[in-house]
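# Descriptive analysis of the structure
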Protein chains: 2
Amino acid sequence: MKPADAPKDGAGMAAETERMIERDGAKEPESAASGGETRKEMRVVLLTGFGGLNKLRVAKKAMPEPQEGEVKIRVKACGLNFLDLMVRQGNIDNPPKTPLVPGFECSGIVEAMGENTQGFEIGDRVMAFVNYSAWAEVVCTPLDFVYKIPDDMTFIEAAAFSMNFVAAYMMLFEVAALREGMSVLVHSAGGGVGQAVAQLCSTVSNVTVFGTASPFKHEAIKDSVTHLFDRNIDYVPEVKKISPEGVDIVLDCLCGENTGKGLGLLKPLGTYILYGSSNMVTGETKSFFSFAKSWWQVEKVNPIKLYEENKVMAGFSLLNLLFKQGGCKPVRSAVEKLFSLYNQKKIKPLVDSLWALEEVKEAMQRIHDRGNIGKLILDVEKPPTPLMANDSTETSEAGEDEEEHEGDSDNKERMPFIQ
Amino acid sequence: MKPADAPKDGAGMAAETERMIERDGAKEPESAASGGETRKEMRVVLLTGFGGLNKLRVAKKAMPEPQEGEVKIRVKACGLNFLDLMVRQGNIDNPPKTPLVPGFECSGIVEAMGENTQGFEIGDRVMAFVNYSAWAEVVCTPLDFVYKIPDDMTFIEAAAFSMNFVAAYMMLFEVAALREGMSVLVHSAGGGVGQAVAQLCSTVSNVTVFGTASPFKHEAIKDSVTHLFDRNIDYVPEVKKISPEGVDIVLDCLCGENTGKGLGLLKPLGTYILYGSSNMVTGETKSFFSFAKSWWQVEKVNPIKLYEENKVMAGFSLLNLLFKQGGCKPVRSAVEKLFSLYNQKKIKPLVDSLWALEEVKEAMQRIHDRGNIGKLILDVEKPPTPLMANDSTETSEAGEDEEEHEGDSDNKERMPFIQ
């Protein structure tokens, strides 16, 4: 496995990126509200409306100050997830209002604290979950969502760690009960969660991991997964060839027809967990397969079928657990166990690439194209990288352009990807 | 809790029971097939066809001999479950052909073994699962389904133990992961599984048990359940009054609308388990709410809903696990843990009443009327009891008679219940 401290630099940078960095204050009610006093500003990634990549820009915003129970963090690195792409498209249930600053996780240094924030001190190295607004130079978030990181853990690692490893851990050990000798099927085995799942499975003896991934990733991740399948073929007969009785745990981030396939592949007493719905994303903008449509198109399951087959069907959304359902206690418990595994050098986040805030479009395109192996990180202190010619073979979003032109008058602002 | 070794005798016995004991050989192809040789016979409970109580009688049948891998058991006691009532009605998926001998669990003494039955000896005291045919003086079943019982465990207790405690244990600790401080909702808290669930919950510290039961059972079971509700009222607002955030585990044997209610009552990361469908049973015979209909009437669940709400939906069928899905290994592991808890005197089956084979109709009526508190046992060596006047207040099946008369020409054989 590629060490996390030697990630490759963010690739595919357009030269005109710098002009993206604009003062966005006039358009932003939040920063305009401060009246006459001189307020500190910070750089953020701003999503001006739901849609394509052109809705993203780097802007200046008034710096937040911590409220009671909040910790103010000088951000060093932020995680970029497939979910951020769905947010950009507005392809989520009850999307918030735009403009907004995306991002759900970051790492950094505690810079200030509000009242009642016992346990934290200025200078603490932390990772944090944020209910949006993580992609900024400064973040304020309640202390329930902030965790001091191990001394050996880099900020890059911490930003790569939070969502993916916590989700993987809680699914494998809290929702399911991964034990010696079990088998696990995970889709997008080369992605952030997929690699976290693979590493966590390796902490239990004799666990078989079946994974699907694009063929070009197989060489890079083959040591972390027992059996790798091309994501473009039907994995069901392939798994059955190797394990006719099925698998114990299926982790599904694809949804749709994969629910039926996943349930069908389970052994008795096995657990299927839906933790995402990335198949809902097709083009660059919200498509025919929007969230509302997908809800109805997904195969519903009769509990009597689960009864007859002795099967378990579960769903897991870390963000809902944290921000809607008051689940910070079980999450903290998972984080503590994960830090212990990290300190024992049993797990280590795999980082795909680092990107400047100004490179967020390229980073998003990379995750859209499923080009990443491991986690994409926004490195807040990183300057934008010049265009690298050797990345020009990556899939471009040709075919999406037309849709963009038709539906989006802001297209002139769009930063082309690898011209 | 009432001690299991002082159960009350089977009540409500009709005087003409003895004439039920008839030689059924001429009607039975199995026993007629033996040709000229003199074969040993045994008493069994025979279900002559699917339908009402009149389809049950005690008959003689050729005694089975153990095949390779099978253990022959001289039966002392058999368990009677709600499922047996559904079998009698033919109210199950893919019902077997009649005539058949019902019953899925028994206890007794090993009398003979087939080839390859290492680990067992003649004289061993055992409990066993049987894929039908348990309600007989002798049973042969593969050794995978046979367990030596602790020295202190009576045969009555063992027959009361197998299905109920194994199901309760596997649901609480294998499908869900019951831990300190959790809460559990169980329906039919006075029944065999309900009482097993309550006892197993008491082995974990600080577990809150919510139970529903008929009001007349409340006094008897109040010490085993933290919060008891009348089964005739809506338990959802009652539970929410006490625990607004919901419960961690819901065990549902009712199905139908209770699936939605149960899922709705779950805390985030909570588990709903369907383990039966007793609401499908209404009258004495298979009704409008037959199995096939119920399948479609049960509310199907969208996995995206589970994802958004962080919930787990599971089904558990011990018999399917054992006899259709090769799950004898996890079941044996559960049995071993349960025997250890029994030996530590942490659990003890609660027996409602003992019944002679000839009293099977009364026993079934009692479970149909939900009159039992704990487990009903067929005590193979027990002679039928004379009618007891003080039981004449129990619910009779008046109202079902008419249906029977219309549809069933065998009605003359029907043994009336408490005339």
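Residues numbered from 1 in each chain as written. Chains lettered and ligands numbered in written order. Predicted model: local features only at pLDDT ≥ 70, side-chain atom pairs only at ≥ 80, totals over all residues. Heavy atoms only, no water.

From N to C terminus, chain A includes 13 helices and 16 strands. When the 419 residues of chain A are sorted by exposure, 62% land in the buried category. A fraction of 73% describes how many contacts in chain A between residues 6 or more apart in sequence connect residues 24 or more apart. As presented, chain A carries roughly 16,200 Å² of accessible surface, and 50% of it is formed by carbon and sulfur atoms. (Helix = DSSP H or I, 4+ residues; strand = E, 2+ residues; numbered from the N terminus. Buried < 20%, exposed > 50% of the residue type's maximum accessible area, 1.4 Å probe, protein only. Contact = heavy atoms within 4.5 Å. Areas by Shrake-Rupley, 256 points an atom, 1.4 Å probe, with all protein chains shown as cover.)

Look at the link from Thr98(A) to Pro99(A): it is a cis peptide, with omega at 0 degrees. Relative to the helices and strands, Pro99(A) is located in the loop between helix H2 (82-89) and strand S5 (105-113). Here Ser133(A), not a glycine, exhibits a phi torsion of approximately 80 degrees, which is positive. Along the chain, the position of Ser133(A) falls in the loop between strand S6 (125-129) and strand S7 (138-142). Despite not being glycine, Lys345(B) has its phi angle at roughly 60 degrees, a positive value. On the secondary structure map, Lys345(B) appears in the loop between helix H11 (328-343) and strand S15 (351-355). Using a relative accessible area of 68% as the deciding quantity, one classes Lys345(B) as exposed.

Attention now goes to the packing of helix H3 (residues 155-175) of chain A against helix H4 (residues 192-201) of chain A. All names here are of chain A. Two elements in contact, H3 and H4, have axes separated by 8 Å at closest approach and are oriented at 50 degrees. As the angle between them shows, H3 and H4 are arranged oblique. Crossing handedness for the pair H3 and H4: right-handed. Residues Asn 164, Phe 165, Ala 168, Tyr 169, Met 171, Leu 172 and Phe 173 of H3 pack against Gly 192, Val 193, Ala 196, Val 197, Gln 199, Leu 200 and Cys 201 of H4. The class makeup of the residues in the contact of H3 with H4 is eleven nonpolar, three polar and no charged. (Axes fitted to C-alpha atoms, helices over the stretch in contact; angles between N-to-C directions. Parallel < 35°, antiparallel > 145°, perpendicular 65-115°, else oblique. Left-handed = near helix turned anticlockwise from the far one by under 90°. Nonpolar A, V, L, I, M, F, W, Y, C, P; charged D, E, K, R; others polar.)

Residues and elements named next belong to chain A. Neither face of strand S9 (residues 183-186) is exposed, since Ser 183 and Leu 185 on one face and Val 184 and Val 186 on the opposite face are all buried. Strand direction decides the pairing type here: S9 and strand S10 (residues 208-213), joined by four bridges, are parallel. From the neighbouring strand, Val 186 faces S10, where its bridge partner is Gly 211. Following the chain from S9 across H4 to the adjacent parallel S10, one finds a crossover that is right-handed. (Pairing = 2+ DSSP bridges. Right-handed = clockwise from strand over helix to strand, strands pointing away.)

Each regular strand shows side chains that alternate between the opposite faces of the sheet. All names here are of chain A. Judged by how many residues are buried, S10 sits mostly within the fold: five of six residues are covered. Relative to strand S11 (residues 227-230), S10 runs parallel, the two being bridged by four bridges. What sits directly across from Gly 211, in S11, is Leu 228. A crossover connection joins S10 to the parallel S11 through helix H5 (residues 215-221); in handedness this β-α-β unit is right-handed.

Further remarks concern the relation of the copies chain B and chain A. Turning chain B through 180 degrees and shifting it by 0.0 Å along the axis lays it on chain A, with an RMSD of 0.0 Å. As the rotation angle and translation indicate, the two copies are arranged about a two-fold axis. The residues that chain B uses at the interface reappear at the interface of chain A in 100% of cases, marking a shared surface. (Least-squares fit on C-alpha atoms with pLDDT ≥ 70 in both.)

A few words now on the interface of chain B and chain A. Frequently, the measure chosen for interface size is the accessible area that the parts lose on association. Contacts between the two partners involve 40 residues from chain B and, on the opposite side, 40 residues from chain A. Counting across the interface, chain B meets chain A through two salt bridges. Its salt-bridge partner being Glu174(A), residue Arg179(B) comes within 3.6 Å of it at the nearest N-O pair. Only helix H3 (155-175), strand S13 (266-274), helix H8 (291-297), helix H9 (303-309), strand S14 (312-315) and helix H10 (318-323) of chain B provide two or more residues apiece to the side of chain B that touches chain A. Counting residues per element, the side of chain B that touches chain A draws most heavily on H9(B), which supplies seven residues. (Salt bridge = Lys/Arg side-chain N within 4 Å of Asp/Glu carboxyl O.)

Below, the discussion takes up the environment of Glu115(A). Residue and element names in this part refer to chain A. Summarising the element assignment, Glu 115 is placed in the loop between S5 and S6. Of the residues examined, Glu 115 reaches a relative accessible area of 59% and is grouped as exposed. In this structure the C-alpha to C-alpha distance between Glu 115 and Glu 70, which are 45 residues apart in sequence, comes to 7.6 Å. When sequence neighbours within four positions are dropped, the list of residues in contact with Glu 115 reads Gln 67, Glu 68 and Gly 69.

Another point: the packing of aromatic side chains. In this description, an aromatic ring pair is defined by two values, namely the gap between the centres and the angle between the planes. Taken as a whole and assessed by the stated rule, the structure comprises 16 aromatic pairs over all chains. Aromatic rings pair up to connect Phe161(A), Phe165(A), Phe339(A) and Tyr342(A) into one cluster. The ring of Phe120(B) is capped by Lys148(B), whose NZ or CZ atom sits 5.6 Å from the centre of that ring. (Phe/Tyr/Trp six-rings, centres within 6.5 Å; stacked < 30°, edge-to-face > 60°. Lys NZ or Arg CZ within 6 Å of the ring centre and 35° of its normal.)

What follows deals with the sheet that holds S14(B). Here twelve strands make up an open sheet; going across it, the order is S11(A)-S10(A)-S9(A)-S12(A)-S13(A)-S14(A)-S14(B)-S13(B)-S12(B)-S9(B)-S10(B)-S11(B) and the pairing mixed. The open sheet has two edge strands, S11 of chain A together with strand S11 (227-230) of chain B, and neither has a second partner. The sheet shows a mean angle of 15 degrees between the axes of neighbouring strands, direction not considered. Helix-sheet contacts for helix H4 (residues 192-201) of chain B involve strand S9 (183-186), strand S10 (208-213) and strand S12 (247-252) of chain B, and the interaxial angle to S9(B) is about 170 degrees.

A few words now on the environment of Pro303(A). Position of Pro303(A) relative to the elements: it lies in helix H9 (residues 303-309). What makes Pro303(A) buried here is its relative accessible area of 0%. In sequence terms Pro303(A) and Thr271(A) are 32 residues apart; their C-alpha atoms lie 14 Å from each other. Aside from chain neighbours lying at most four places away, what touches Pro303(A) is Thr259(B), Leu274(B), Val298(B), Glu299(B), Lys300(B) and Met313(B).

This brings us to the side chain of Asp84(B). All names here are of chain B. Mapping Asp 84 onto the fold places it in helix H2 (residues 82-88). Buried charge without a partner: Asp 84 forms no salt bridge, and the closest opposite charge is Lys 375, 6.9 Å away. Apart from residues lying up to four places away in sequence, Asp 84 is in contact with Gly 79, Gly 103, Phe 104, Trp 135 and Met 364. (Lys, Arg positive; Asp, Glu negative; His and termini not counted.)

Take the pattern of salt bridges next. All names here are of chain A. Within this structure, the stated rule accounts for 38 salt bridges over all chains. A salt bridge links Glu 105 to Lys 375, with the shortest nitrogen-to-oxygen separation between them at 2.6 Å. Placement of the pair is Glu 105 in strand S5 and Lys 375 in strand S16 (residues 375-379), with a sequence separation of 270 residues. Because the salt bridges share partners, they merge into one network encompassing Glu 65, Lys 72, Arg 74 and Glu 111.

Let's shift gears to the confidence of the model for chain A. Residues and elements named next belong to chain A. On average, residues of chain A score 84 in pLDDT, and 78% of them are at 70 or above. In the model, residues 10-36 has pLDDT below 50 throughout and makes 64 contacts with residues more than four positions away in sequence or in other chains. pLDDT under 50 marks residues 388-419. Its contacts with residues more than four places away, or in other chains, come to 51 contacts. For this predicted complex, the interface confidence score (ipTM) comes to 0.84, while the overall pTM stands at 0.84. (pLDDT = per-residue confidence, 0-100.)

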